[in-house]
Amino acid sequence: MSDERYEDSQLYKIRHSAAHVMAEAMLERFPAAKIAIGPPIEDGFYYDFDLPAAINDEDIKWVEKRMKKLIAQRHSFTRREVTPAEARDIFQDQPYKLELIDDLVNGRQDDNGNPIAAPADSLTIYTQSNFTDLCRGPHVDSTEDINPKAVSISLRPPAGAYWRGDEKRRQLTRIYGTAWQTPEELRDYRARLAEAVKRDHRVLGEKLNLFVIDAMVGKGLPLWLPNGAVLRDTLERWLRDIQIERGYLPVVTPHLGNIELYKTSGHYPYYADSQYNPIDVDGDEFMLRPMNCPHHCRIYSSRPRSYRDLPLRYAEFGTVYRYEQSGELRGLTRVRGFTVDDAHLFVRPDQLLAEFMAVVKLIQHVFGALGMSDFRARIGTRDPDSDKYVGDNTLWEEATVAIVDACEELGLDYHIEPGEAAFYGPKLDFIVRDVLKREWQLGTVQVDYNLPERFDLEYVDSDNQRLRPVMIHRAPFGSLERFIGILIEHFAGAFPPWLAPVQAVIIPIRESHNNYAVEIEDLLKTRGMRAQADLQDRNMRSKIKQHRQMNIPWLLIVGDRDIENRTVSVRLRTDEDLGALPLAEFVGAARERINTYSQEIRL
């Protein structure tokens, strides 16, 4: 089990404290500004401001310079508990803080008015220098603990942020910053940031002809181009085969369902703000499905089940639909329609641990094959102060214990995080770190005693008793769209050979070599490779340059000598020239790389 969460680390405190220092400097630059919130985030922090005038680069430079002076003055961070009345007096000119105070005093609620936190009798404030903020902490003891040479701020997209994420509320100006413990860490971060720009999946998606977002089709609804469709299909086929080997049964369910289905499951109105409006069909209300699990529950209940039938493992690449606000949409990683590599396992209680562990091993296999071996596990449990969860407390405890036992048995590095559970049960999420050290929440496994209860699912035990199965929800990819967006950035568009939409391009030196190029193309296709002969009327060098830019793993140049000797001159997308290889040797070596899901392109 992991000993320290990011939220408990010194780096988190440094970034949280730097956010307060930035807010202080911003108020000196813009005395009439209204302050909103300023939390630490992955790799840094931000603060949202309601500014009286547009901010520019000169303002940013001034604020950054002023921050470093304030840090050097060694101001202490002091914590104080205050009454709600005192807090309102302190922040009487700050409307966003007053709204937060009201929420805390009245008890926080979700968008449907359901309580998610108990009312607060007292509040905490932190003060450093001339700045006081409504804040629960934690912070460093003094600005002396912040290294001024390891702090920088920037105004970078998205610079606008709606108050409380609601596009109907006022748009604020978000200033981002980053803070590290040493200047070397800051330099490394800046280098990774520059590399991330080069790897942006939205840019590479267009360059590599993978997908487009078309305004006439709609925001957040990607169109898959042939190259992207091949990439997506390859991933799907690969995971389907793995699942079938492990006893999963394929199912297919509709993209919409009667609203009563989602009321029974609890998804409606729990996800009301992220669901599309019901559709009237002959007097009945239907919805674009927000989840696949209710459909799978109905498949389970479509016939009587015996204890001998379990475990049942239903798998589907099921497309679901969520209403995401326009400002939150981003390429493939935040969309309005996405396909989940969903599976639901219906198991007996005595099978739960073994089945859960098998799912975790499957997810580990998937990540390993894609070169994503750097990951940690997070167990999401209920927030004890929240009423948003459904189901019996005893069943929740049993589910949580099963997940912890599985992690211990498998030796996983994990930590427990209250409040990260699904509304119907605890879950295990996999947090994967990519080559740029960015963390992504990908695969998830959830234990659920509640949906079987809601749908009255049963099986007949050996003594003819009717018992409830336990459900396991799992999705190694999470969603194909988001997963592929992350893969594009992880590999910078240079996919391993087995995933590359085009694995080999044959480039004839002259027109007289075209027939041999076509012959090789046909041979590679019969061997199950994705190959193309480039017969365009262009010179060889321009063809090589184009296909290298498209990240084709293998470029096969053919001329007179190759025709005579039945060879291909192999050049890699890295521009390494392997020289002439016998055609049969190339095919065998390439197939070996593909069949073993190797990351290596060198033969």
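Since the structure is predicted, the reported quantities are computational estimates derived from the model, not experimental observations.

What counts and what doesn't
Residues numbered from 1 in each chain as written. Predicted model: local features only at pLDDT ≥ 70, side-chain atom pairs only at ≥ 80, totals over all residues. Heavy atoms only, no water. Helix = DSSP H or I, 4+ residues; strand = E, 2+ residues; numbered from the N terminus. Rg over C-alpha atoms; globule rule 2.2 N^0.38 Å. Buried < 20%, exposed > 50% of the residue type's maximum accessible area, 1.4 Å probe, protein only. Contact = heavy atoms within 4.5 Å. Areas by Shrake-Rupley, 256 points an atom, 1.4 Å probe, with all protein chains shown as cover. Lys, Arg positive; Asp, Glu negative; His and termini not counted. Charge placed at Lys NZ, Arg CZ, Asp CG, Glu CD. Patch = residues over 30% accessible without salt bridge, like charges linked within 9 Å, V, L, I, M, F, W, Y side chains within 5 Å. Salt bridge = Lys/Arg side-chain N within 4 Å of Asp/Glu carboxyl O. Pairing = 2+ DSSP bridges. Axes fitted to C-alpha atoms, helices over the stretch in contact; angles between N-to-C directions. pLDDT = per-residue confidence, 0-100. Phe/Tyr/Trp six-rings, centres within 6.5 Å; stacked < 30°, edge-to-face > 60°. Lys NZ or Arg CZ within 6 Å of the ring centre and 35° of its normal. Parallel < 35°, antiparallel > 145°, perpendicular 65-115°, else oblique. Left-handed = near helix turned anticlockwise from the far one by under 90°. Nonpolar A, V, L, I, M, F, W, Y, C, P; charged D, E, K, R; others polar. Core = buried A, V, L, I, M, F, W, Y, C linked by side-chain atoms within 4.5 Å.

Re the overall build of the protein chain
What the protein chain contains, in helices and strands, is 18 helices and 29 strands. Whereas a compact globule of 603 residues would reach a radius of gyration of roughly 25 Å, the protein chain reaches 28 Å, a difference of no more than 12%. By principal-axis analysis of the C-alpha atoms, the protein chain measures approximately 90 × 75 × 50 Å. With 603 residues in all, the protein chain has 50% of them scored as buried. Within the protein chain, counting contacts between residues at least 6 apart in sequence, those at least 24 apart form 71% of the total. Within the structure as shown, the protein chain displays about 28,000 Å² of accessible surface, and the carbon and sulfur contribution to it stands at 47%. Looking at the protein chain, you have 78 positive and 94 negative side-chain charges, and the mean spots of the two groups are 5 Å apart.

Brief notes about a nonpolar patch on the surface
A grouping of V212, V217 and L223 is seen on the molecular surface, where their side chains present a nonpolar patch of about 200 Å² in accessible area. When you line up the elements, L223 lands in strand β11 (residues 222–224).

Some remarks on the sheet that holds strand β20 (residues 427–433)
In space, the 8 strands of this open sheet follow the order β12-β16-β17-β24-β21-β20-β18-β19, with mixed pairing throughout. Edge strands, defined here as strands with exactly one partner in the open sheet, are β12 (249–250) and β19 (414–418). Bridge analysis of β20 against strand β21 (residues 439–448) gives 6 bridges, and the strand direction is antiparallel. Bridge pairing in β21 links R433 to E439. Sheet contacts for helix α11 (residues 352–369): β16 (312–321), β17 (337–347), β18 (375–381), β20, β21 and β24 (470–475); angle to β21, the most-contacted strand, approximately 160°.

Details of the confidence of the model for the protein chain
On average, residues of the protein chain carry a pLDDT of 90, and 95% of them reach 70 or more. Within the protein chain, the lowest mean pLDDT, 78, falls on helix α9 (residues 267–270), and the highest, 98, falls on β12. Scored below 50 in pLDDT, residues 110–116 shows 19 contacts in the model against residues more than four places distant or in partner chains.

Focus: the environment of L210
Checked against the element boundaries, L210 lands in the loop between α6 (201–207) and β10 (211–213). Linking L210 and V230, residues 20 residues apart in sequence, is a C-alpha distance of 8.9 Å. Discounting chain neighbours no more than four positions away, the residues touching L210 are L204, G205, L223, W224, L225, N227, G228, I488, F495 and P501.

Considerations on the pattern of salt bridges
Using the criterion set out here, one finds 51 salt bridges in the structure. We note a salt bridge from K68 to E64, for which the minimum N-O separation is 3.9 Å. One end of the pair is K68 and the other is E64, both in helix α2 (residues 57–72) and 4 residues apart, which spans about a single turn. Looking at K68, the relative accessible area reads 31%, which means it is partly exposed. One continuous salt-bridge network, built from bridges that share partners, spans D200, R202, R330, D434, R438 and E489.

A few points about the sheet that holds strand β5 (residues 123–128)
Taking strand neighbours across the sheet as the criterion, the 3 strands line up as β4-β5-β6 in an open arrangement whose pairing is antiparallel. Sheet topology places β4 (78–82) and β6 (131–134) at the edges, where each strand pairs with a single neighbour. Sheet twist, expressed as the mean angle between neighbouring strand axes with direction ignored, is 25°. Strands β5 and β6 of the sheet are contacted by helix α1 (residues 10–29), whose axis makes an angle of about 125° with β6.

Looking at the pairing of β16
Of all the 10 residues making up β16, 10 are buried; the element is thus mostly covered by neighbouring parts of the structure. Here β16 shows no split at all, with L312, Y314, E316, G318 and V320 on one side and R313, A315, F317, T319 and Y321 on the other all buried. The pairing of β12 with β16 spans 2 bridges and is classified as parallel. If you follow P250 over to β16, its bridge partner there is A315. The sheet contact formed by β16 and β17 spans 10 bridges and is antiparallel. Bridge pairing in β17 links G318 to V340.

Focus: the packing of aromatic side chains
To describe a pair of aromatic rings, one takes the distance between the centres and the angle between the planes. A complete count under the given rule lists 17 aromatic pairs for this structure. Ring geometry for F491 and F495: centres 6.3 Å apart, planes at 65°, overall edge-to-face. Overall, F491 belongs to the buried group, its relative accessible area being 14%. Within the aromatic cluster, the residues linked to one another by ring pairs are W238, W498 and Y597. Lying across the ring of W180, R15 places its NZ or CZ 4.4 Å from the centre. Cation over ring: R174 sits above Y46, and NZ or CZ is 3.8 Å from the ring centre.

Quick look at the packing of helix α7 (residues 226–245) against helix α14 (residues 480–491)
Packing of α7 against α14 brings their axes to within 11 Å, and their N-to-C directions diverge by 110°. Viewed along their axes, α7 and α14 adopt a mutual orientation that is roughly perpendicular. Relative to α14, the crossing made by α7 is right-handed. Residues L231, R232, L235 and E236 of α7 lie in contact with α14, whose contacting residues are L480, E481, F483, I484 and L487. Class assignment for the residues of the contact of α7 with α14 results in 6 nonpolar, no polar and 3 charged.

Some words on a negative patch on the surface
Side chains of D280, D282, D284 and E285 sit close together on the surface and give a patch of like negative charge. Examined against the element boundaries, D284 turns out to sit in strand β15 (residues 284–288). For D284, a relative accessible area of 40% translates into the label partly exposed.

Quick word on the nonpolar core
Where a protein is soluble and globular, its nonpolar side chains tend to be buried together. Grouped together as the largest cluster of nonpolar side chains are 81 residues, with contacts concentrated most on L235, L428, L524, W554, L556 and F586. Looking at this core, the element that brings in the most residues is α11, giving 10 residues. Within the second largest apolar cluster, 29 residues are counted, among which are A19, M22, F30 and A33.

Thoughts on the pairing of β18
Of all 7 residues making up β18, 5 are buried, and the element is well covered by its neighbours. Pairing between β18 and β20: 6 bridges, direction antiparallel. Residue pairing in the sheet places R378 in a bridge with D429 of β20. The sheet contact formed by β18 and β19 spans 5 bridges and is parallel. The residue bridging T381 from the neighbouring strand is P418, located in β19.

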